[in-house]
Amino acid sequence: MVMWAGVRPTLLDRAAGDARVVVGMGPLTLPSRHEIADEFVRLATVSAGNRLGVHRDQSPGGRRWRHDPQLLGESVRSWSDDFPGTEHLDLADKLILLRRTTPTPDGLRVYVAGDHLITDLPHAVFGGGLVVRLWVYLSQCASRPTPDWAATPAQPPHLLRALGRHVVGRPRSVGELFAEGRHKVPAVAGGAEAPSGPTSDMRSTALPSTVTGYLDGARRAELQKWRDANTPGCSMAVLLMCVLTRGFAAAGVDLAPTVHVVVDAGRYDRSLARYLGNAAVGLNLPFSGPYDPAALQRELSSAMASGRPLAAMLAISAGELAASTRRRLGRPDEQHVEPVAESSATLSFSHLLGLDAMPDGHWVGGFDAHRFAAVSDPVGARGIALLTPKMRDRYDISASFDARYHEPETIRRALHLATADPVAILDSPAALDLGEVP
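Residues numbered from 1 in each chain as written. Predicted model: local features only at pLDDT ≥ 70, side-chain atom pairs only at ≥ 80, totals over all residues. Heavy atoms only, no water.

Comments concerning the pattern of salt bridges
- According to the stated counting rule, one finds 15 salt bridges in the structure shown.
- In this structure, the salt-bridge partner of R66 is D68, at a minimum N-O distance of 3.1 Å.
- A relative accessible area of 29% means that R66 is categorised as partly exposed.
- Residue D228 is joined to R227 by a salt bridge in which the shortest nitrogen-to-oxygen separation is 2.8 Å. (Salt bridge = Lys/Arg side-chain N within 4 Å of Asp/Glu carboxyl O. Buried < 20%, exposed > 50% of the residue type's maximum accessible area, 1.4 Å probe, protein only.)

Considering the environment of R392
- Positionally, R392 belongs in the loop between β14 (390-391) and β15 (394-402).
- Taking the C-alpha atoms as reference points, R392 and F367, separated by 25 residues in sequence, lie 9.2 Å from one another.
- Filtering out sequence-adjacent residues up to four positions away, R392 remains in contact with L355, D356, M358, P359, D360 and F367. (Helix = DSSP H or I, 4+ residues; strand = E, 2+ residues; numbered from the N terminus. Contact = heavy atoms within 4.5 Å.)

As for the environment of A424
- Positionally, A424 belongs in helix α15 (residues 422-427).
- Placed 181 residues apart in sequence, A424 and V243 show a C-alpha to C-alpha distance of 9.6 Å.

A word on the confidence of the model for the protein
- In this model, the protein carries an average pLDDT of 85, and 83% of its residues clear a pLDDT of 70 or more.
- A low-confidence stretch, residues 191-203 stays under pLDDT 50, and its non-local contacts, those more than four residues away or across chains, total 34 contacts.
- Considering only residues more than four positions removed or in separate chains, one finds that residues 336-341, a stretch of pLDDT under 50, has 13 contacts. (pLDDT = per-residue confidence, 0-100.)

A look at the state of the cysteines
- A full pass over the atoms with the stated rule returns 0 disulfides.
- Not engaged in a disulfide, the cysteine C234 finds its nearest cysteine sulfur in C242; these two sulfurs lie 6.5 Å apart.
- Exposure remark for C242: the relative accessible area of 0% places this residue in the buried category. (Disulfide = S-S within 2.5 Å.)

Re the sheet that holds strand β7 (residues 116-122)
- Strand order in the open sheet formed by 5 strands is β5-β6-β7-β2-β12, with mixed pairing between adjacent strands. If you trace the sheet from one side to the other, it starts and ends with β5 (76-78) and β12 (371-375), each paired once. Along the sheet, successive strands turn relative to each other by an average axial angle of 20°, direction set aside.
- As paired elements, β5 and strand β6 (residues 109-113) share 3 bridges and run parallel to each other. Counterpart to S78 in the pairing with β6 is V112.
- Set on the sheet, helix α2 (residues 33-44) makes contact with β5, β6 and β7; between it and β5 the angle comes to about 170°. (Pairing = 2+ DSSP bridges. Axes fitted to C-alpha atoms, helices over the stretch in contact; angles between N-to-C directions.)

Some details on the sheet that holds strand β1 (residues 5-7)
- In spatial order, the strands read β1-β4-β3; together these 3 strands make up an open sheet with antiparallel pairing. Edge positions in the sheet fall to β1 and β3 (54-55), since each of these pairs with one other strand and no more.
- Inspection of the sheet shows β1 paired to strand β4 (residues 65-67) by 3 bridges, in the antiparallel sense. Paired with G6 across the two strands is R66, which belongs to β4.

What follows is the structure, given as structure tokens:
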């Protein structure tokens, strides 16, 4: 019998709060629910560092979590048992129902919904790196040996050491970091909603929703060709962010003059690259019309070269430490309420890496027939969170938002404008003059 052990969460883990990501994919030929649960238990016993068996303490400021692989036997659920009478719902509607009616789980939660799998993951426990590895593994339906990542050691990252090494290797980054100080430093790990967003009362009335689109292989190839000819210094991720931003502007969404880009800090330090908890941060970057790709690339490159992601993660950690100290002393947390008059939407982008070689696995009808949907947390009540994993030669795109502020048809039209002909939207002199892209 495996006994549970204490796990000390990092300050970044605790700062993530109740942020979560709900993802559905399929159709897949699936083993039984009990076989999947047994497989998770087996993997979780390999190392606490793979975080599958980690369950967070949901009390305010909980500083001692538990590693208990046996609890995973209860974490794989049958959709028809928990949500009877809703089997007919579309995959996205299932995710919306789950997100609206259940609290953030304390650890891994998976639903078997017919021939689809739905993962419901708290960002406090799971970083983006593990999410990607888990999707790849689940797509193969546990038909492979124990993956290497299952043996990840339970060692926290060393942010201060990583920033110190970066500064030593690039001394001018000290001045660059001071210059970067003109930007707003994000106050949240992993790019989820910041504590300066809605209060808990406002959150309780939210109507999380999602719309899914995709950029197929042919359109992606056209986009890459345009990039090579016009902005060779831009990454495809930045170009996609520009295309999507222009699509939302063209659809009539009032956009904030900044975008929130989630970046992986693993490139700075080996311990961060291995870590399967929170090793990403959201950066607020200035970006407004005409939404020039080169301008966004310059902002992002400058932030990365300066080491700003590491500095932001340290600032988040310091903020969480101060908040936990106030709680321990019995002092109330500082309250930051989002201005009611705010009308613009901040677009946040999470460009997940590691899915380019998504295996064939057990996809029903082949990989090209797969479906993907996600509900993630936007930045602010009026924000729109865009999750854009590149799956083989195409991008699956989910747009998550609060239906109190955005009509699903508006979001759907924005995705259509961005993906139906991305080259046309880039060649347009003004995104708002696009009208309907054929």
